[in-house]
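Here's the letter readout for the chains.
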Amino acid sequence: GSNVSPGSIIAYTMFVDNPSGSGDDDNVVVTFTVPTNTTFLNLVVNGEDPFDECVGPNASGVIVCRESSLDDDNTVVTLVVQVNANAAGAVNFSATYDSDDASTFINRTTSHPIVAAPGGGGGAGPSADLSITKTANASAIAGGTSAVLPAAGGTGDITYSLAIQNAGPNNASP
């Protein structure tokens, strides 16, 4: 599969149909696991013949979808995950299909290498140490106090100055 970076959103779309090609496929079980190095965001199931039920993910990240009788119409399943901020290595995904009528157990897998985001910073992507300082002209308030404006002798106008500093190690960007 293609490379992914920490923080990336991945949508795995699976088209589930009857692999036997004729008639209905009975007692269908589609199982997939939330990929390694990711966090589950959403599961969307639609199509003309959606599953009877989908449960999970459980504590191990396993999601199981069942259909008592799957006809020739496609069911579309989309699993949406986000690559963890501290992820390294690869995102590994697999899905299986089994039924009473399938002649073979079907297993599909894919893997996406995790690459550091541009700018370094290792598996967590670039980092910056930002600070902001806000100051005001105290002379706008009579005696430099926080009296209700405009105070006697004050102008009633306050000018704020903002100083933003990046102590690194990388450039900051939106």
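Residues numbered from 1 in each chain as written. Predicted model: local features only at pLDDT ≥ 70, side-chain atom pairs only at ≥ 80, totals over all residues. Heavy atoms only, no water.

**Student:** What's the story with the overall build of the protein chain in this structure? I'm lost.
**Tutor:** From N to C terminus, the protein chain includes 0 helices and 10 strands. In the protein chain, which comprises 174 residues, the proportion classed as buried is 28%. (Helix = DSSP H or I, 4+ residues; strand = E, 2+ residues; numbered from the N terminus. Buried < 20%, exposed > 50% of the residue type's maximum accessible area, 1.4 Å probe, protein only.)

**Student:** I would appreciate a short explanation of the sheet that holds strand β3 (residues 38-47) in the present structure.
**Tutor:** What holds strands together in a sheet is hydrogen bonding between their backbones, with the strands either parallel or antiparallel. Pairing is antiparallel across the open sheet formed by 3 strands, whose spatial order is β1-β6-β3. Strand pairing shows two members of the sheet lacking a second neighbour, β1 (9-16) and β3, which therefore form its edges. Along the sheet, successive strands turn relative to each other by an average axial angle of 15°, direction set aside. Pairing analysis gives 8 bridges linking β1 to strand β6 (residues 75-83), with the strands arranged antiparallel. Note on β6: the bridge partner recorded for Ile-10 is Val-81. (Pairing = 2+ DSSP bridges. Axes fitted to C-alpha atoms, helices over the stretch in contact; angles between N-to-C directions.)

**Student:** I keep staring at the state of the cysteines and nothing clicks. Help me out?
**Tutor:** Working definition of a disulfide: a covalent bond connecting the sulfur atoms of two cysteines. Evaluated as defined, the whole model comprises 1 disulfide. What pairs with Cys-54 in a disulfide is Cys-65, and their sulfur atoms sit 2.1 Å apart. The sign of the 115° torsion about the S-S bond sets the Cys-54-Cys-65 disulfide as right-handed. Of this pair, Cys-54 sits in strand β4 (residues 53-55) while Cys-65 sits in strand β5 (residues 62-70); the two residues are 11 residues apart in sequence, bridging distant segments of the chain. Accessibility expressed as a relative area gives 30% for Cys-54, which makes it partly exposed. (Disulfide = S-S within 2.5 Å.)

**Student:** Can you walk me through the pairing of β6 in this structure?
**Tutor:** Put simply, side chains in a regular strand alternate between the two faces of the sheet. Of all the 9 residues making up β6, 8 are buried; the element is thus mostly covered by neighbouring parts of the structure. The pairing of β3 with β6 spans 9 bridges and is antiparallel. Note on β6: the bridge partner recorded for Asn-42 is Val-80.

**Student:** Would you mind going over the pattern of salt bridges with me for this structure?
**Tutor:** As a working rule, side chains carrying opposite charge can pair if their charged atoms are close by. If you walk through the whole model with that rule in mind, you get 1 salt bridge. Residue Glu-53 is joined to Arg-66 by a salt bridge in which the shortest nitrogen-to-oxygen separation is 3.6 Å. Taken together, the residues span a long stretch of sequence, with Glu-53 in strand β4 and Arg-66 in strand β5 at a distance of 13 residues. Classification of Glu-53 as partly exposed rests on a relative accessible area of 37%. (Salt bridge = Lys/Arg side-chain N within 4 Å of Asp/Glu carboxyl O.)

**Student:** How should I be thinking about a negative patch on the surface in this particular structure?
**Tutor:** On the surface, a cluster of negative charge is made up of Asp-24, Asp-26, Asp-98, Asp-100 and Asp-101. With respect to the helices, strands and loops of the structure, Asp-26 is situated in strand β2 (residues 25-33). (Patch = residues over 30% accessible without salt bridge, like charges linked within 9 Å, V, L, I, M, F, W, Y side chains within 5 Å. Areas by Shrake-Rupley, 256 points an atom, 1.4 Å probe, with all protein chains shown as cover. Lys, Arg positive; Asp, Glu negative; His and termini not counted. Charge placed at Lys NZ, Arg CZ, Asp CG, Glu CD.)

**Student:** For this particular structure, what's the right way to read the confidence of the model for the protein chain?
**Tutor:** Where the model shows low pLDDT, its predicted coordinates should not be examined in detail. Scored by pLDDT, the protein chain has a mean of 74; 59% of the residues are at 70 or more. Between the elements of the protein chain, mean pLDDT differs from a low of 63, seen in strand β9 (residues 128-136), to a high of 90, seen in β4. Scored below 50 in pLDDT, residues 118-125 shows 13 contacts in the model against residues more than four places distant or in partner chains. Here residues 145-149 is a poorly scored stretch, pLDDT under 50, and it has 6 contacts once near neighbours within four places are set aside; other chains count. (pLDDT = per-residue confidence, 0-100. Contact = heavy atoms within 4.5 Å.)

**Student:** Would you mind showing me how to read unusual backbone geometry here?
**Tutor:** Comment: phi is negative for the bulk of residues other than glycine, and the bulk of peptide bonds are trans. Following Gly-56, the chain continues into Pro-57 via a peptide bond in cis, with omega recorded as 10°. By the secondary structure assignment, Pro-57 is in the loop between β4 and β5. Here the phi dihedral of Asn-27 falls at roughly 55°; this positive angle occurs in a residue that is not glycine. Although it is not a glycine, Asn-37 sits at a positive phi angle of roughly 65°. Residue position: Asn-37 is located in the loop between β2 and β3.

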